[in-house]
Amino acid sequence: MRVEVVLAWPERYLQRTLALPEGCTVAEAVDEAGLDTAGVTVALAVHGVLARPQQLLHEGDRIELLRPLLADPKENRRRRARGGD
């Protein structure tokens, strides 16, 4: 089965397309892709939905390596509402 593993930043991204045997898990795909070498991942998602490392994958799944937020989205919204950027 073919799956994608993606790690993204605001200006760039890294992507690996993998051919894995049926029954592989999210953790196995992430290990195989080798993208999180700096240990920046705080969570994993499959097609934008949080996933556990032991979750089984299906043909065409896209695993996203999620990084920590740099700013609090609620605070950013409040600041914009007050008229500041």
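## Topic: the nonpolar core
Here is step 1: Counting 18 residues, the largest nonpolar core has Val3, Val5, Val26, Ala29, Leu57 and Ile63 as the members making the most contacts within it.
Here is step 2: Among the secondary structure elements, those contributing two or more residues to this core are strand 1 (2-8), helix 1 (26-33), strand 3 (43-46) and strand 5 (62-66).
Here is step 3: Not counting chain neighbours up to four residues away, the residues in contact with Leu57 comprise Met1, Val3, Leu20, Cys24, Thr25, Val26, Ala29, Val46 and Ile63.

## A look at the sheet that holds strand 3
Strand pairing in a sheet takes place through backbone hydrogen bonds and is either antiparallel or parallel in direction.
Here is step 1: An order of 2-1-5-3-4 is seen for the 5 strands of this open sheet, with the pairing classed as mixed. Strand pairing shows two members of the sheet lacking a second neighbour, strand 2 (13-19) and strand 4 (49-51), which therefore form its edges. Strand-to-strand twist across the sheet, computed as the mean angle between neighbouring axes with direction ignored, equals 30 degrees.
Here is step 2: Where strand 3 meets strand 5, 4 bridges bridge the pair, whose relative direction is antiparallel. Counted as the bridge partner of Leu44 is Leu65 from strand 5.

## Re the environment of Gly60
Here is step 1: With respect to the element layout, Gly60 can be found in the loop between strand 4 and strand 5.
Here is step 2: Considering only alpha carbons, one finds Gly60 and Arg77, 17 residues apart in sequence, at a separation of 35 Å.
Here is step 3: Those residues in contact with Gly60 that lie beyond four places of it in its chain are Arg2 and His47.

## Things to note about the packing of aromatic side chains
Here is step 1: Summed over the entire model, instances satisfying the criterion amount to 0 aromatic pairs.
Here is step 2: The residue whose ring lies beneath Arg12 is Trp9, and the NZ or CZ to ring-centre distance is 3.9 Å.

## Comments concerning unusual backbone geometry
Here is step 1: One non-glycine residue, His47, adopts positive backbone phi at about 55 degrees.
Here is step 2: Positionally, His47 belongs in the loop between strand 3 and strand 4.

## Re the side chain of Asp61
Here is step 1: Positionally, Asp61 belongs in the loop between strand 4 and strand 5.
Here is step 2: Although buried, Asp61 forms no salt bridge, and the nearest oppositely charged side chain, Arg62, lies 9.2 Å from it.
Here is step 3: One polar contact links Asp61 to His47, side chain to side chain, over a distance of 3.4 Å.
Here is step 4: In contact with Asp61, not counting residues within four places along its chain, are Arg2, Val3, Glu4, Val46 and His47.

Scoring rules and cut-offs
- Each residue is numbered by its place in its chain's sequence as written, counting from 1.
- Local features in this predicted model are restricted to residues whose pLDDT is 70 or higher, and side-chain atom pairs enter the listing and the counts only when it is 80 or higher, whereas totals over whole chains, interfaces and linings include all residues.
- Where side-chain values are given, they derive from all heavy atoms of the structure, hydrogens and water being excluded.
- Buried Ala, Val, Leu, Ile, Met, Phe, Trp, Tyr and Cys residues form a nonpolar core when they are joined through side-chain atoms within 4.5 Å.
- Only protein chains enter the accessibility calculation, which uses a 1.4 Å probe; a residue is then buried when its area is under 20% of its type maximum, exposed when over 50%, and partly exposed in between.
- We count a stretch as a helix when DSSP gives it H or I for four or more residues in a row; a strand needs E for two or more, and each element gets its number in order from the N terminus.
- The contact criterion used is simple: two residues touch if any of their non-hydrogen atoms lie within 4.5 Å.
- The criterion for strand pairing is that DSSP finds at least two bridges linking the strands in question.
- Note on geometry: axes are C-alpha line fits, over the in-contact stretch for helices, and angles between N-to-C directions span 0 to 180 degrees.
- Any pair of Phe, Tyr and Trp rings, taking the six-membered ring for Trp, is counted once the centres come within 6.5 Å. Such a pair is stacked with planes under 30 degrees apart, edge-to-face with planes over 60 apart, and tilted for the rest.
- Should the NZ of a Lys or the CZ of an Arg lie within 6 Å of a ring centre and within 35 degrees of the ring normal, that charge is described as sitting over the ring.
- Under this rule, positive means Lys or Arg and negative means Asp or Glu; His and the chain ends count for nothing.
- Think of a salt bridge as a Lys or Arg side-chain nitrogen and an Asp or Glu carboxyl oxygen that are within 4 Å of each other.
- Between N or O atoms, a polar contact is any pair within 3.5 Å; within protein, one atom must be a potential hydrogen donor and the other a potential acceptor, and residues adjacent in sequence are included only when both atoms are from side chains.

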